[in-house]
Amino acid sequence: MQIVDIAFWASVLSIAMAAGTSLVYAAVGEIFAEKSGVLNLGVEGMMIMGAVTGFAAAYHSGNVLIGVVTGGIVGGFMALIHCFVTITLLADQVVSGLAVTLLGGGLASFLGQRLGVDGTPLVGLIGPRLLEIPIPYMSDIAYIGDVLFNRDMMTYLLYIVVPLVAFYIRRTRPGLFLRAVGENPQAADVMGVDVVKCRYFYTVMGGVFAGLGGVHLSLSYTPGWTESITGGRGWIAVALVIFATWDPIRSVFGALLFGGVNAIQFRMQAVGTNVPAALLNMLPYLLTIVVLVIITYFEGLRKKLGAPDALGLPYIREERV
Amino acid sequence: MKFSVEPRIEATSSLRFVVMCTSILCAFMFGGLIMAIVGVDPVDTYVAMLEGAIGRSEDWNDGQFYSITETLVKAIPLMITSLAVGVAFKMLFWNIGAEGQLVAGAMAGSGVALFAKDYGLQSTYAVINIVLMCIAGVMGGGLWAIVPAFLKTKFKVNEIITTLMFNYVAILWYQYLFNVAWKDPDGMGFPGTAKFDGIWILGRISGRLHWGLGIALVSGLLVWIILDMSKWGYEIRVIGQNLKAALYGGIDVNRNVLRVMLFSGGLAGLAGTVEVSGVSYSLQEGLNVGYGYTAIIVSWLSRLNPIAIMIVSVVFAGIMVGGDQIQMTMGLPSSVAYVLQGAMLFFVLGGEFFVRYRMTIIIGQRHADS
């Protein structure tokens, strides 16, 4: 294995892009929710529900687009439950988020065994998948052409969505309201922002994104349905939000880093090493922990860079702070 | 029509009971709705689940208690892990890693059972061997839990994510051990370690029900005594209820985090050891079926009360066995059990609102006199 080979690193980056796409969707979604002050630990559950329903819809309709839309809607619906329980019924956000993950995992497993042809399992079915669309001329550029311009539709969509979301949060008026609601809901309320409506909107939006992340797994990265398809990616996305200090652009680099670990793992397995596969498979999880330690070690940095002040706290208008 | 919501000064226990029952009923209705949507008869399914969990009256008359013992077999690890999770939750430390700690304990216990004799650490008395194995399991689970606790106290790293990541790492280790490193060379190529010798196995009470039940009940008693009667339990409760008061009162929070996680992880590890020593007699597939996650729901539903945890564990074990049963007899997915569990957590969580707040419906206009 030649470490200094450009072609090798280009292939690693190429896999990192494919593996990272679902993480970026989930992380951007969670940034929306957390910026509005709602901690949603249900990302894993929303992703896996998006993955199973998206795949089932694409399989039965034969149309990937219908699959993508279905997965997004179902992800949003899962988030809506979290909204109702935490924002309206004022329940604990941590427990409710865990409940989304647990219910999502159970429901997805249940649906996965029923949504095939006539109530048969989905496992093992081969459905339509998102195809790579090479952009003429640009995909022929040496090395980076394949990495950047030979992707599927959902990855291309991120090229537009991520900068747009970053601009929206930082530079627009609704983005300012969003940040205000997450930093200081009392002040936002006085400003005339409807805190409840705002939190509902962005948390559901976050669910839609998480659902899309799940769909990308079952329609593109690992086409088809298996019960462990998300494999903790939802939780890695939650960690990624902290790593990215609530910034969509930085989340892309984090996702590429995690995707890159996946890629190196594949490459090492392909060339055959003495390191057991199980140990290589642990890398993304261990990396998540290491990255979190490094980030939280510089706590001052984290505060300055965008952790919303009211994250995880319910807003009750009558209560004084 | 408008709603007026105001906090309740005090909630009666009968109100709590009614809300809890309604919430659970709603969860079953939600489960039924999902079944109906995918074309399954909810009533038939629930009846089959109930029969799977506690058996039929004909079986009882014949002296067959197979279903009940199966439910109790599943209740043992669930009870111990739920207690483990409950202790950590009591001080608002979110230990989501009981699943990994259980697996780590099972690995440590299996390691002792398989290899202790090579070092002359084997007694002829099974009791001594089992105790040795349990100590290893407690240490395995405790060590697995102490890392996130250390990262939390030293670097303030979010424990939810670290404990959860450790689940995946533990499960990968475990799969590596029984598939590769500790795989039985005489196992005809099947994954799994060699069977433990008879003196490393927990005795049985009835059917497949083993003496792990005793260990689980003693654990429950221990947790109850610690939480309700000891100074340590008092500190745990104060930290959970009011961190500022705890700090002001001079309680060493960091040391308590480490101690509680060692204890919590140790208990979860004990559950893993009991499971390999009482049920599978080897390290093999099927250990990580989600006890650690179900434990979160059980302990939350029990309001972190150790006695309630022990009862709710049996009910939830019944739901799991019922789920397995409908998979075998009706060909329906056993994950119905997990759907129900998740739904229950949601409805109970949402139902809390009606315990904490009084809601009245105002019909017509009433603002004139204000």
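Fair warning: this is a prediction, and the values are worked out from it, not measured in the lab.

K.L.:
Help me get a handle on helix α4 (residues 93–112) of chain A, residues and values and all.
P.N.:
In this model α4(A) runs 28 Å from its N-terminal to its C-terminal C-alpha over 20 residues, within 8% of the 28 Å that 1.5 Å per residue would give. The backbone nitrogen of A:Val94 has a side-chain oxygen 2.8 Å away, supplied by the residue at the start of α4(A), namely A:Asp92.

K.L.:
I'd like a rundown of the interface of chain A and chain B, residues and numbers included.
P.N.:
Each side of the interface is counted separately: chain A has 46 residues, and chain B has 42 residues. Interface area for chain A against chain B, summed over the two sides, is near 4000 Å², with a carbon-plus-sulfur share of 84%. Three residues stand out in chain A for area buried against chain B, namely A:Leu102, A:Phe110 and A:Arg114, and they jointly supply 16% of the buried area on that side. Here chain A is connected to chain B by 0 salt bridges. Counting across the chain A and chain B interface gives 5 residue pairs in polar contact (both at pLDDT 80 or more).

K.L.:
Any chance you could break down the pattern of salt bridges for me, citing the residues and the numbers?
P.N.:
If the charged atoms of two oppositely charged side chains come close together, the side chains can form a pair. Residues and elements named next belong to chain B. Scanning the entire structure with this criterion turns up 8 salt bridges over all chains. With its nearest N and O atoms 3.3 Å apart, the salt bridge here joins Asp-197 to Lys-117. Of this pair, Asp-197 sits in the loop between α7 (159–181) and β2 (204–206) while Lys-117 sits in the loop between α5 (98–115) and α6 (126–155); the two residues are 80 residues apart in sequence, bridging distant segments of the chain. Exposure remark for Asp-197: the relative accessible area of 29% places this residue in the partly exposed category.

K.L.:
Which residues make up the packing of helix α1 (residues 6–35) of chain A against helix α11 (residues 248–271) of chain A, and what values go with them?
P.N.:
Residue and element names in this part refer to chain A. Contact geometry of α1 with α11 gives a least axis separation of 6 Å together with a crossing angle of 135°. As far as their axial angle goes, α11 and α1 are oblique. In this structure, α1 crosses over α11, and the sense of that crossing is right-handed.

K.L.:
Can you explain the state of the cysteines? Please cite residues and give values.
P.N.:
Residue and element names in this part refer to chain B. Taken as a whole and judged by the stated rule, the model has 0 disulfides over all chains. Left unpaired, Cys-26 is separated from the closest cysteine sulfur, that of Cys-21, by 11 Å. Cys-26 sits in the partly exposed class, given a relative accessible area of 28%.

K.L.:
Just give me the short version of the packing of aromatic side chains, but keep the residues and values in it.
P.N.:
Given two aromatic rings, their pairing is described by the distance between the two centres and the angle made by the two planes. Residue and element names in this part refer to chain A. Evaluated as defined, the whole model comprises 21 aromatic pairs over all chains. With 5.2 Å between their ring centres and 75° between their planes, Phe-8 and Trp-9 make a pair best called edge-to-face. Its relative accessible area of 8% is what places Phe-8 among the buried residues. Considering the side-chain rings of Tyr-156 and Tyr-159, the 5.8 Å spacing of their centres and the 80° angle between planes classify their relative orientation as edge-to-face. Taken as a pair, Tyr-156 and Tyr-159 lie in helix α6 (residues 153–171) at a separation of 3 residues, close to a single helical turn. When its relative accessible area of 33% is taken as the criterion, Tyr-159 is described as partly exposed.

Reading the values: the criteria
- Residues numbered from 1 in each chain as written.
- Chains lettered and ligands numbered in written order.
- Predicted model: local features only at pLDDT ≥ 70, side-chain atom pairs only at ≥ 80, totals over all residues.
- Heavy atoms only, no water.
- Helix = DSSP H or I, 4+ residues; strand = E, 2+ residues; numbered from the N terminus.
- Expected span 1.5 Å × (residues − 1).
- Polar contact = N/O pair within 3.5 Å; in protein donor to acceptor, adjacent residues only side chain to side chain.
- Contact = heavy atoms within 4.5 Å.
- Buried area = accessible area lost by both parts, 1.4 Å probe.
- Salt bridge = Lys/Arg side-chain N within 4 Å of Asp/Glu carboxyl O.
- Buried < 20%, exposed > 50% of the residue type's maximum accessible area, 1.4 Å probe, protein only.
- Axes fitted to C-alpha atoms, helices over the stretch in contact; angles between N-to-C directions.
- Parallel < 35°, antiparallel > 145°, perpendicular 65-115°, else oblique.
- Left-handed = near helix turned anticlockwise from the far one by under 90°.
- Disulfide = S-S within 2.5 Å.
- Phe/Tyr/Trp six-rings, centres within 6.5 Å; stacked < 30°, edge-to-face > 60°.

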